[in-house]
Amino acid sequence: MKAMVLRRVVNLADNRAPLELVELPIPEPGDWEILIRVSVCGVCHTELDEIEGRTPPSRFPMILGHQIVGRVEQAGRNASRFRPGDRVGMGWINHACGRCHLCRAGKENLCPDFQATGRDASGGYAQYTTVSQDFAYGIPEVFTDEEAAPLLCAGAIGYRSLRLTGLRDGEILGLVGFGASAHLVLKMVRHLFPRSRIFAFSRTPAERDFARELGAAWAGGFEEEPPAKMHRAIDTTPAWQPIVAALLHLEPGGRLVINAIRKEERDKEALLGLDYPRHLWLEKEIKSVANVSRRDVAEFLELAAQMPIKPEYQVYRLEEANQALVELKERKIRGAKVLRVD
Ligand SMILES: [Zn+2]
Ligand SMILES: [Zn+2]
């Protein structure tokens, strides 16, 4: 089979073709696994973090990609959940132990044995991949393969962030940063919590306009004061200053959820501006989001099908993966980027 593999951590600024096209044997599914013939694989910002070493693969060479849609080609001896020909998807969560106290409490995303697709296990930048049948999902019929792939990551993690805010209908939600995940969250909130107002914070006027178009009650820059205090907020920026500003505008007892794998060091001194009485006192909470659980992916796919959410996308061939990644890095973005593999 054809696969695009990463052999080592590189800086995309020095090397614009970090992935190499190779020919590999088709993997054999284990007893409880399925072999998937990949149709489409989404291209995610996290791949840039893997390539540049912010969250490096646990072994090399690695086949990246964790937003996979394809068809079951073959099922392992004990794998009876899907039949050959079924359309299935895979997301970021590839494995968790199922036995530790976190897994048993439904927090498998925090399991010490958590493995990520395309970082710790082979991903979807290839014609075939295998996965335990328990970590695959049926794809609702309303979506094409290209539409479904981007939902498997940005949508699922956005859904988890929203769940962690504990938002109730009528409460005000702040969206700090307005990229792929935040714009899906805005659509979910409009559907699930129709009485809630949404305030969007972004650096760029284009993103602020986009937020208003989608129904945000207010949109402004990170330093602007929103028209009311917010009960909950979700931060998707790589920086610290927007967090400090958001805490200032939180209601007493409010919660800020940070949805980022890593934060940049650049403006870390902004944290020195934290004033305990104004930013934190009165039981304000800060919580991060880590990974996704199977429940997040499955529930979000169902919600997205009901609404329905249909992402905009731009198609590349598998062999063009390097170009898609470089364009993502350079923010040449027209909808989600997907690789057409099959
Ligand atoms: Zn992703
Ligand atoms: Zn576990």
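Fair warning: this is a prediction, and the values are worked out from it, not measured in the lab.

Q: Would you mind showing me how to read the overall build of the chain here?
A: The helix and strand tally for the chain stands at 9 helices and 18 strands. Partitioning the contacts of the chain with sequence separation of at least 6, the portion at a separation of at least 24 is 73%.

Q: Help me understand the sheet that holds strand 14 (residues 230-235) in this model?
A: Within a sheet, adjacent strands bond to each other through the backbone by hydrogen bonds, running parallel or antiparallel. With respect to topology, 6 strands assemble into an open sheet ordered 13-12-11-14-15-16, the strand pairing being parallel. Each end of this open sheet is capped by a strand with a single partner; those strands are strand 13 (218-220) and strand 16 (285-288). On average, each strand axis in the sheet is tilted by 15 degrees relative to the strand beside it, whichever way the strands run. Its contacts with the sheet place helix 4 (residues 180-192) against strand 11 (173-176), strand 12 (198-201) and strand 14, and it is angled at close to 165 degrees to strand 11.

Q: Mind showing me how you'd approach helix 6 (residues 241-248) here?
A: Within the sequence span of helix 6, burial applies to P242, I243, A245, A246 and L247. Buried positions along helix 6 lie against strand 11, strand 12, strand 14, strand 15 (250-258) and helix 7 (276-280).

Q: I keep staring at helix 3 (residues 145-165) and nothing clicks. Help me out?
A: A turn of α-helix holds 3.6 residues, and therefore any two residues three or four places apart point the same way. Relative to the 30 Å expected for 21 residues at 1.5 Å per residue, helix 3 spans 30 Å between its end C-alpha atoms, a close match to the ideal helical length. Considering bend angle alone, the principal kink of helix 3 is centred on L152 and spans about 45 degrees. Along helix 3, 19 of the 21 residues are buried, which leaves the element largely enclosed by surrounding structure. Positive phi shows up at G166, right after helix 3, with a value of about 70 degrees.

Q: Sorry if this is basic, but what is going on with the packing of helix 3 against helix 8 (residues 294-306) here?
A: Think of two packed helices as two axes; the pair is described by the angle between the axes and how far apart they sit. Relative orientation of the contacting elements helix 3 and helix 8 amounts to 100 degrees, with a least axis distance of 9 Å. Relative to helix 8, the element helix 3 is oriented roughly perpendicular. In this structure, helix 3 contributes L151, L152, G155, A156, Y159 and R160 to the contact, and helix 8 contributes D296, V297, E299, F300, L301, L303 and A304. When grouped by side-chain class, the residues that make up the contact of helix 3 with helix 8 number 9 nonpolar, 1 polar and 3 charged.

Q: Just checking my understanding: could you explain the packing of helix 3 against helix 4 for this structure?
A: Between helix 3 and helix 4, the least distance of the axes is 8 Å, while the angle of their chain directions is 60 degrees. Compared by their axis directions, helix 3 and helix 4 come out oblique. Viewed along their axes, helix 3 and helix 4 form a crossing whose handedness is right-handed. Residues A154, G155, I157, G158, Y159, S161 and L162 of helix 3 pack against A180, S181, L184, V185, M188 and V189 of helix 4. Of the residues contributing to the contact of helix 3 with helix 4, the split by class is 9 nonpolar, 4 polar and no charged.

Q: Just to check I follow, could you spell out the sheet that holds strand 1 (residues 2-6) for this structure?
A: The 3 strands are arranged 2-1-4 in an open sheet whose pairing can be described as antiparallel. Whereas interior strands pair on both sides, the edge strands pair on one side only; in this sheet they are strand 2 (19-23) and strand 4 (62-63).

Q: So what exactly am I meant to see when it comes to the nonpolar core here?
A: Proteins that are soluble and globular tend to have nonpolar side chains buried together. C41, Y125, L175, A200 and L339 are the most contacted members of the largest nonpolar core, which totals 92 residues. With 10 residues, helix 3 is the largest single contributor of residues to this core. Each of domain 1 (2-143 + 310-340) and domain 2 (156-288) contributes no fewer than three residues to this core. Among residues more than four places away in sequence, those in contact with L175 are A182, V185, L186, I198, A200, F201 and I234.

Q: Please clarify how the domain arrangement of the chain should be interpreted in this entry.
A: How big an interface is tends to be stated in terms of the accessible area lost upon association of its parts. On domain assignment, one finds that the chain holds domain 1 (2-143 + 310-340) and domain 2 (156-288). When each unit is reduced to the centre of its C-alpha atoms, the spacing between domain 1 and domain 2 is 29 Å. Every contact between the two is made by 6 residues of domain 1 and, on the other side, 4 residues of domain 2.

Q: Is there a simple way to explain unusual backbone geometry in this structure?
A: Note: most residues except glycine have negative phi, and most peptide bonds are trans. The linkage connecting F60 with the following residue, P61, adopts the cis geometry, with an omega of -10 degrees. Along the chain, the position of P61 falls in the loop between helix 1 (45-51) and strand 4. With omega at -20 degrees, the peptide bond leading from M307 into P308 counts as cis. One non-glycine residue, L282, lies in the positive phi region at around 65 degrees. As for its position among the elements, L282 is in the loop between helix 7 and strand 16. Here N291, not a glycine, exhibits a phi torsion of approximately 55 degrees, which is positive. Turning to its location among the elements, N291 is positioned in the loop between strand 16 and helix 8.

Q: How should the pairing of strand 11 be read in this particular structure?
A: When a strand is regular, its side chains alternate between the sheet's two faces. Every second residue of strand 11 is oriented toward a common face, with L173 and L175 on one face and G174 and V176 on the other, all of them buried. Pairing of strand 11 with strand 12 involves 4 bridges; the strand directions are parallel. Looking across to strand 12, one finds that V176 is bridged to F201. One ladder, built from 4 bridges, connects strand 11 with strand 14; its direction is parallel. Paired with V176 across the two strands is D235, which belongs to strand 14.

Q: Is there a simple way to explain the environment of V88 in this structure?
A: Assignment of secondary structure puts V88 in strand 6 (residues 87-90). Placed 43 residues apart in sequence, V88 and V131 show a C-alpha to C-alpha distance of 11 Å. Once residues within four sequence positions are removed from consideration, V88 is found in contact with I36, G70, V72, F82, A136, Y137, G138 and I139.

Reading the values: the criteria
As a convention, each chain's residues are numbered from 1 in the sequence order in which they are written. Note on labels: chains are lettered from A, ligands numbered from 1, in written order. Reporting of local features is limited, given that this is a predicted model, to residues whose pLDDT is at least 70; pairs of side-chain atoms are given and counted only at 80 or more, and all residues count toward the totals for whole chains, interfaces and linings. Numbering of helices and strands runs from the N terminus; a helix is a DSSP stretch of H or I covering at least four residues, while a strand is a stretch of E covering at least two. By the convention adopted here, residues make contact when the C-beta atoms placed from their backbones lie within 7 Å. Should DSSP find at least two bridges between two strands, the strands are regarded as paired. Interaxial angles span 0 to 180 degrees and are taken between N-to-C directions of axes, which are lines fitted to C-alpha atoms, for helices over the stretch in contact. Remark: C-beta atoms are placed from the backbone, and a residue is labelled buried if 20 or more other C-beta atoms sit within 10 Å of its own, exposed if 12 or fewer do, or partly exposed between those counts. Multiplying 1.5 Å by the residue count of a helix minus one yields the expected span of that helix. Here the bend at each residue means the angle between axes fitted to two seven-residue stretches, the one ending at that residue and the one beginning there. For classification purposes, an angle smaller than 35 degrees is called roughly parallel, one larger than 145 roughly antiparallel, one from 65 to 115 roughly perpendicular, and anything else oblique. Under the grouping applied here, Gly and all other residues not named as nonpolar or charged are polar, the nonpolar ones being Ala, Val, Leu, Ile, Met, Phe, Trp, Tyr, Cys and Pro and the charged ones Asp, Glu, Lys and Arg. For any pair of crossing helices, the crossing counts as left-handed if the nearer helix is rotated counterclockwise from the farther one by less than a right angle, and right-handed if it is rotated clockwise. We define the nonpolar core as any set of buried residues of the types Ala, Val, Leu, Ile, Met, Phe, Trp, Tyr and Cys, connected via C-beta atoms lying within 7 Å of each other. An automatic or database domain assignment supplies the start and end points of every domain.

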